[in-house]
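Take a look at the letters that make up each chain.
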Amino acid sequence: MPDLLKIAVNGAAGRMGQRITALTIADPELELSAALEYAASPQQGHDAGEVCGAGKCGVTISSELVHRVDAVIDFSLPEALDSILPACEERQIPLVIATTGYTDAQREQIAAAANSTPIVMAPSMSMAVNLVMKLVSDAARVLKDNTDGVDVEIIERHHRFKEDAPSGTALHFGKLVAEQMGQENHIHGRSGRPGQRPHNEIGYHALRTGDNVGEHTIVFGMMGETIDLTVRGHTRDSYAYGALAAAKFVASQKAGLYSMNDVLGL
Ligand SMILES: NC(=O)C1=CN([C@@H]2O[C@H](COP(=O)(O)OP(=O)(O)OC[C@H]3O[C@@H](n4cnc5c(N)ncnc54)[C@H](O)[C@@H]3O)[C@@H](O)[C@H]2O)C=CC1
Ligand SMILES: O=C(O)C1=N[C@H](C(=O)O)C[C@H](O)C1
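Residues numbered from 1 in each chain as written. Chains lettered and ligands numbered in written order. Predicted model: local features only at pLDDT ≥ 70, side-chain atom pairs only at ≥ 80, totals over all residues. Heavy atoms only, no water.

## So, the pairing of strand E9 (residues 201-208)
Under the convention used in this document: Following DSSP output, two strands are said to pair if at least two bridges run between them. We count a stretch as a helix when DSSP gives it H or I for four or more residues in a row; a strand needs E for two or more, and each element gets its number in order from the N terminus.
Taken together, the seven bridges between strand E7 (residues 151-158) and E9 define a ladder with parallel strand orientation. Bridge pairing links His158 to Arg208 in E9.

Structure representation (structure tokens):
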């Protein structure tokens with residue numbers, strides 16, 4: 001029987017961390033080796049399986065990565081980067097980064113760490129979202145020379161607990177569109193009297209309601225017709241299964257920065 005891949009979950013008591021923990025315990029190819037939370041978390045010392053509702057698993061929540069693992073999966077907060085990235089970089093532990101909301105400086109820090117250890121980083125681990133990213137990129141390429149112009153707006157909906165806005169996924173959709181169409185202005189909502197809409201603009205609109213696990217609509221508005229490309233998550237498992245696939249992928253890669261396109265072969 002092949003060895004089980006040893007997984008550490010960073011942010012283990014969070015909404016995503018709990019699903020990653022539960023699905024790791026349930027996966028016959030994986031072994032939960034560590035469940036990490038910030039040092040002052042009230043969940044410290046609790047059994048990670050009990051915290052996520054999977055039943056006692058014998059791994060207690062702790063704040064330091066002590067044992068060697070085959071991959072770390074991080075769903076935490078941008079502020080938590082320094083508690084996990086240096087350890088993975090120094091010990092060459094493969095890392096899956098799913099957290100969003102990083103600063104440019106933090107992104108550079110991650111890219112530098114990828115010179116020493118393999119890292120998969122993606123604002124969405126969902127297969128459906130990553131496929132729609134391809135479709136959006138294709139649509140933008142085809143529409144870029146439309147004679148009367150194309151107005152691109154990105155609408156996203158997430159749960160009321162989400163702390164960053166717009167979502168990392170919405171920002172990535174905007175980047176993909178701008179790479180094809182060249183928009184330089186990226187604006188967030190509109191109010192007052194901004195005047196007529198310039199073509200050289202992408203508008204982002206972030207809704208925060210209830211327990212929505214994530215929806216994105218990319219609008220290509222033209223004279224006479226509109227294309228809306230929408231992708232909706234139904235449960236957090238759409239992200240969690242993608243993150244487990246990313247962990248299995250990254251565990252056998254050389255140092256470098258990888259995306260979900262590499263994981264999913266898109
Ligand atoms: N790439 C993707 O597919 C997805 C990304 N996300 C992103 O993942 C992140 C987490 O989302 P949620 O689980 O909803 O948030 P959450 O707030 O429920 O969970 C975050 C967890 O990180 C913990 N944490 C804070 N500081 C820490 C530290 N220093 N070390 C270890 N753990 C620490 C918190 O205590 C909390 O339990 C967000 O940035 C979100 O945007 C969420 C869903 C999908
Ligand atoms: O916070 C969330 O929930 C999500 N965050 C990610 C993002 O910011 O894009 C991915 C997903 O949309 C859910």
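## A look at the nonpolar core
Counted only if it meets this: To qualify as a nonpolar core, a set must consist of buried Ala, Val, Leu, Ile, Met, Phe, Trp, Tyr and Cys residues joined through side-chain atoms within 4.5 Å. Here's how the labels work: a residue is buried when its accessible area is under 20% of the maximum for its type, exposed when over 50%, partly exposed in between, all with a 1.4 Å probe on protein chains only. Residue contacts are defined here by distance: any two heavy atoms, one from each residue, within 4.5 Å place the two residues in contact.
Among the nonpolar cores identified, the biggest contains 33 residues, and Ile20, Ile73, Phe75, Val120 and Met125 are the most heavily contacted of them. For this core, the elements supplying multiple residues, two or more each, are strand E1 (5-10), helix H1 (15-26), strand E2 (30-36), helix H2 (48-52), strand E4 (71-74), helix H7 (237-250) and helix H8 (260-264). The element contributing the most residues to this core is H7, with eight residues. For Phe75, the residues in contact, after removing those within four places along its chain, are Asn10, Gly11, Met16, Gly17, Ile20, Ala98, Thr99, Met125 and Ala243. Ranked by size, the runner-up nonpolar core spans 21 residues in total, among them Val132, Leu143, Val152 and Ala178.

## Considering the UniProt feature "domain: Dihydrodipicolinate reductase N-terminal" (unreviewed entry) in the chain
Under the convention used in this document: UniProt positions are given in the numbering used here, feature names are shortened, and annotations may be inferred rather than shown by experiment.
Per the UniProt record, "domain: Dihydrodipicolinate reductase N-terminal" (unreviewed entry) is found at residues 6-125. Between the first and last C-alpha atoms of residues 6-125 the distance is 20 Å; the span itself is 32% helix and 21% strand.

## Some remarks on the domain arrangement of the chain
Worth spelling out the cut-off: Domain segmentation is taken from an automatic or database assignment of domains. By definition, a salt bridge exists where a carboxyl oxygen of Asp or Glu is found within 4 Å of a side-chain nitrogen of Lys or Arg. Nonpolar residues are Ala, Val, Leu, Ile, Met, Phe, Trp, Tyr, Cys and Pro. Charged residues are Asp, Glu, Lys and Arg, and all others, Gly as well, are polar.
Domain annotation of the chain identifies domain 1 (5-125 + 236-264) and domain 2 (127-233). On the side of domain 2, 16 residues touch domain 1, which itself brings 13 residues to the contact. On inspection of domain 1 and its partner domain 2, the count reaches zero salt bridges. At the level of elements, H7 and H8 are the ones that each hand at least two residues to the side of domain 1 that touches domain 2. Per-element accounting of the side of domain 1 that touches domain 2 gives the leading share, three residues, to H8. A breakdown of the residues in the side of domain 1 that touches domain 2 according to their chemical character gives six nonpolar, five polar and two charged.

## Some points on the site of ligand 2
Let me state the cut-off plainly: We call a residue near a molecule or strand when any one of its heavy atoms sits within 4 Å of it. N or O atoms within 3.5 Å of each other form a polar contact, as long as, within protein, one can give a hydrogen and the other can take it, and as long as residues adjacent in sequence are counted only when both atoms are side-chain atoms. Only the protein chains shown count as covering a residue, and every accessible area follows the Shrake-Rupley method with a 1.4 Å probe.
Near ligand 2 you find Thr100, Pro123, His158, His159, Lys162, Asp164, Ser167, Gly168, Thr169, Val213, His216 and Tyr239, and these make up its full shell. Here Thr100 contributes a side-chain N or O atom positioned 3.4 Å from an oxygen atom of ligand 2. A distance of 2.9 Å separates an oxygen atom of ligand 2 from a polar atom in the backbone of Gly168. Starting from 320 Å² of accessible surface for ligand 2 in isolation, the protein chains cover 85%. A class-by-class count of the residues in the shell around ligand 2 yields three nonpolar, seven polar and two charged. Residue-level mapping places the shell around ligand 2 at the junction of two domains, with at least three residues from each of domain 1 (5-125 + 236-264) and domain 2 (127-233).

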